[in-house]
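# Topology and contacts: notes
One-letter residues, chain by chain:
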Amino acid sequence: MIRRHLKETWPFLIIIFTATMLSLRSIYLVCENYIVPLFWDQWDFLIDLARDSSGTISIGYLFKAHNEHVIATAKILVILDYFFFNLTNGPLVIVIVMCAVLTSLLIAFLLFHRTRKGAEFWAVSSVLIASSLSMVQWQNLLWGFQTEFYLVLIGAVFSLICALRLSESTKWQGQARWFGALVSATAFSVFSMASGFALPISIVIFFILVRYSRRGLLLFSLIGVLLIAVDLMLTRDPPVVGDAALRTPLNMAVYFFSMMGGPFSSNLNSSVTAGAVAFFILVAAFTRYAAVPWLKGKPVDKVSAALFALCSFLCASAAAASYGRTPMGVESALSSRYSTPMLLLIMTISLVLIRQAMLKCQKYELQPTKFTLLLFLMVTCVGLTTFRNNAAAYSGFVKWSTRAAYFVASGVDHESQLKSLFPNAAAIRPALEMLRNQKLNIFATWGGLPMPSANQVLEGANIPSDQVCSRSAVDSITQLSLHQWQASGWAADEEGRSPAWILAFDQNGRLLGFTKPLEDRPDVTKAIGAEEGFQGFLIPVSGSDSMKKPVALVVIYGDEKPPCRIRAPSFPE
């Protein structure tokens, strides 16, 4: 009996193990690389907060349009981060991971609706979780503001579960309960992101496929139209983005298919091909398993209908993005943030095929060979996406924002660095002062930007002038503005390792700037035989009229090695 059980379950155990390892790898990379500094859209909230704190913390602000989106639920999370976690972004990243896991489990429960949940259920769940955490979607996983991508999906999946349970309810109490839950979940999704306005249409598609009662269909349709109308009214007259002349039917079609195939390739032609193949499989499956049986008057499996409705919602999301973002150029379809809904679409198409394998056997017993093969293909797909060569993209993105944060923390607010955080440097300068005064975000004492310790600063300020680094150099010193400079260079210990900190002091021992080594220096790595991944530095220096020159650059290695000074040319007047 045990041998027989192991023979049946060992493929699922392998899949569970593989998917779990992929998930753990992604979680580790998220913990190592998540972005502390506020970035891009997050500054809009802080600018509004600095301008009018009472008006920002209000119901009206939650439903105020953000470009073409209403992101009320995401704004709630940002406000909670502000009140309880000093806008440190880390809690929002945790919420994103939790939402990804929750969405995956909800879809697995939908697939195995009224079916036994054994090893195969956990195998499907683990693959979906690994997919939802794939690093191909690194922009959404590392940046706390992008919670809306996951919140809108949770609302969509839960809405379809409610619609499924509503279609099965025979007593009015159950019908009222599930109808109320359906409307609430749909509204949650609609006001989580612009793509949510397509959800009522997808639910209507589900009700039509399962031949739900006309009165119930009409009532929900009226409510759906109302939700869509409110959303469109709130987002009327969105700002123009890009070149409207690029919005041609051909460009929108290319955008749609390349967005769909984007998780698999960063090449436009390859992504279009992959997206077209996925869309063809979806259309063929819908025709065979839903449209043809429905036209013949045969019942359509309700779980399959719900999965097809979810696919229609995700396709509508891609279509809406194609219309709204084509003016930015078709290459923007390959942005990693779009991989979140598109990976879910690919997984859902696979689940449709798995569901059909389940239905072909009596009493929902599984077809082991086909079921296992499809699962192996799904986990292979997840592996291919998460191991795509995107490490350079997200590590560079993290370095740009972190470097800018060290400039801000050092009091250097030059546009050359601030534009890495927000396109309009002047607009965020008052907000930066608010962060500094209230000890928020990078200035937070807990969960903010890593800073040198008081002991390290004291040790660096008191270092003897003759304690010079043996392996170091300053390549250039640039004056950015009055009393603001940046110095580029490198330092390494005897083993060729990068230091922990670079600090700048004036002659009075006053700290003028600091940074971690963040600059790739393959030239130095090759020249001195440094360790792989060796980093140089770009240190900001903020002075004043009372600053006592010359400026000293000090290298801090840590507790095991003493600090040392870098021989550097004088800073320009």
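You'll find the structure just up there.
Backbone hydrogen bonds are what pair the strands of a sheet, in a parallel or an antiparallel way. The strand order β1-β2-β6-β5 describes an open sheet built from 4 strands, whose pairing is antiparallel. Across the chains shown, the open sheet's two edge strands, defined by having one partner strand only, are β1 (472-481) and β5 (519-520). Where strand β2 (residues 484-491) lies against strand β6 (residues 535-542), 6 bridges are found, and the strand directions are antiparallel. Across the sheet, residue S488 finds its bridge partner in β6, namely L538. Each of β1, β2, β5 and β6 touches helix α18 (residues 391-409); the most contacted strand, β6, lies at about 30° to it.

Turning our eyes to something else, we now look at the pattern of salt bridges. Per the counting criterion, the structure on display carries 16 salt bridges. With its nearest N and O atoms 2.9 Å apart, the salt bridge here joins R403 to E519. Placement of R403 in helix α18 and of E519 in strand β5 is noted, with a sequence separation of 116 residues between them. Pair check on accessibility: R403 and E519 agree, each one buried. Across the pair E495 and K561 runs a salt bridge whose closest N-O atoms are separated by 2.6 Å. Of this pair, E495 sits in the loop between β2 and β3 (501-505) while K561 sits in the loop between β7 (552-556) and β8 (564-566), placing them 66 residues apart in sequence. One network of salt bridges, in which partners are shared, links D493, E494, E495, R497 and K561.

On to the environment of K64. Assignment of secondary structure puts K64 in the loop between α4 (59-62) and α5 (72-85). For the pair formed by K64 and Y34, sequence separation is 30 residues and the distance between their alpha carbons is 28 Å. Not counting the four nearest positions on each side in its chain, K64 is found in contact with D48, H69 and K75.

Under the counting rule described, the total for this entry stands at 25 aromatic pairs. Ring centres 5.2 Å apart and planes at 80° place the aromatic pair F256 and F257 in the edge-to-face group. Taking relative accessible area as the criterion, F256 reaches 12% and is therefore assigned buried. On the basis of relative accessible area, F257 is assigned to the partly exposed category, the value being 23%. Aromatic side chains W501 and F514 sit 6.4 Å apart centroid to centroid with 70° between the ring planes, which places their arrangement in the edge-to-face category. With a gap of 13 residues between them, W501 in strand β3 and F514 in strand β4 (residues 511-515) connect regions that are remote in the sequence. Using a relative accessible area of 8% as the deciding quantity, one classes F514 as buried. Three or more aromatic residues joined by ring pairs make a cluster, and in this case those are F39, W40, W138, W143, Y394, F397 and F422. The aromatic ring of Y323 is capped on one face by R247, whose charged end is 4.2 Å from the ring centroid. Over the aromatic face of Y338 sits the side chain of R337, whose NZ or CZ is 4.8 Å from the ring centroid.

A few words now on the packing of α5 against helix α6 (residues 90-111). Two elements in contact, α5 and α6, have axes whose closest approach is 9 Å; the angle formed by their N-to-C orientations is 135°. Classified by the angle their axes make, α5 and α6 are oblique. In this structure, α5 meets α6 at a crossing whose hand is right-handed. Two secondary-structure elements touch here, α5 through L77, V78, D81 and F85 and α6 through P91, L92 and V95. Counted by class, the contact of α5 with α6 contains 6 nonpolar, no polar and 1 charged residues.

How each quantity is defined
- Residues numbered from 1 in each chain as written.
- Predicted model: local features only at pLDDT ≥ 70, side-chain atom pairs only at ≥ 80, totals over all residues.
- Heavy atoms only, no water.
- Pairing = 2+ DSSP bridges.
- Helix = DSSP H or I, 4+ residues; strand = E, 2+ residues; numbered from the N terminus.
- Contact = heavy atoms within 4.5 Å.
- Axes fitted to C-alpha atoms, helices over the stretch in contact; angles between N-to-C directions.
- Salt bridge = Lys/Arg side-chain N within 4 Å of Asp/Glu carboxyl O.
- Buried < 20%, exposed > 50% of the residue type's maximum accessible area, 1.4 Å probe, protein only.
- Phe/Tyr/Trp six-rings, centres within 6.5 Å; stacked < 30°, edge-to-face > 60°.
- Lys NZ or Arg CZ within 6 Å of the ring centre and 35° of its normal.
- Parallel < 35°, antiparallel > 145°, perpendicular 65-115°, else oblique.
- Left-handed = near helix turned anticlockwise from the far one by under 90°.
- Nonpolar A, V, L, I, M, F, W, Y, C, P; charged D, E, K, R; others polar.

Distances and angles like these do not, on their own, reveal function.
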